[in-house]
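Descriptive structure summary
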Amino acid sequence: MTAADPALDPASATVDALRSRGWTLATAESLTAGLLASTVARIPGASDVLRGGLIVYATDLKTSLAGVPGAVLSRHGAVSGETARALADGAAGRCGATVGIGLTGVAGPAEQEGHPVGTVYIGVRMPGAGTWSVPVSLTGDRQQIRDAACSAALEQILLRLGDGPGNESGR
């Protein structure tokens, strides 16, 4: 990616929005395997907000590193909104961050747990908003899905903060 890469725009806006609030960010990433934290880290000034991240590609690491309850994984699976929420909580808690993002899903080449390629769940924990998750359905090859998942996660933060696309009154 280069500085002119459009995928960096949500990252830059997220860094600015979090910095202006004095908030920090941590990630727990499955299908993106650290790509989201890396995308944020490319932004000048990211060290003001990025605390760190957990790469929890293997299902057992979702529990041991991010603190996802085993019952959540047993009941809902690794690819679920419940798991994404638990990952967001785990990222924020384990890294001591104000905002946590959890990403889980299927980048391909084959379905997982009955979910088709392109199924992604984004979990976000944020002050004043609690923890929530959203499902997204993405298309493209493996890397395109991973890139789009990162952008969609950052856009979730911006939308909740009122700094997202289409908000003329954003910061």
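Bear in mind that the values here come from a model prediction, so they are computed numbers and not experimental data.

**Re the pairing of strand β2 (residues 50–55)**
- In the sheet, strand β1 (residues 25–29) pairs with β2 via five bridges, with the strands oriented parallel. Counted as the bridge partner of T27 is G53 from β2.
- Regarding the hand of the β-α-β motif, the stretch spanning β1, helix α2 (residues 35–41) and β2 is right-handed.

**Observations regarding the state of the cysteines**
- Enumeration over the complete set of coordinates arrives at zero disulfides.
- No disulfide involves C95; its sulfur sits 16 Å from the nearest other cysteine sulfur, which is in C150.
- Look at C95 and you get buried, because its relative accessible area is 14%.
- Here C150 falls in the buried class, since its relative accessible area comes to 3%.

**Some thoughts on helix α5 (residues 81–95)**
- Taking 1.5 Å of rise per residue, the 15 residues of α5 would be expected to cover 21 Å, and the 21 Å separating its terminal C-alpha atoms lies within 8% of that figure.
- Taken together, the buried positions of α5 are G81, T83, A84, A86, L87, A88, G90, A91, A92 and C95.
- Two residues or fewer past α5, G96 is found with a positive phi of approximately 65°.

Criteria and thresholds
- Residues numbered from 1 in each chain as written.
- Predicted model: local features only at pLDDT ≥ 70, side-chain atom pairs only at ≥ 80, totals over all residues.
- Heavy atoms only, no water.
- Pairing = 2+ DSSP bridges.
- Helix = DSSP H or I, 4+ residues; strand = E, 2+ residues; numbered from the N terminus.
- Right-handed = clockwise from strand over helix to strand, strands pointing away.
- Disulfide = S-S within 2.5 Å.
- Buried < 20%, exposed > 50% of the residue type's maximum accessible area, 1.4 Å probe, protein only.
- Expected span 1.5 Å × (residues − 1).

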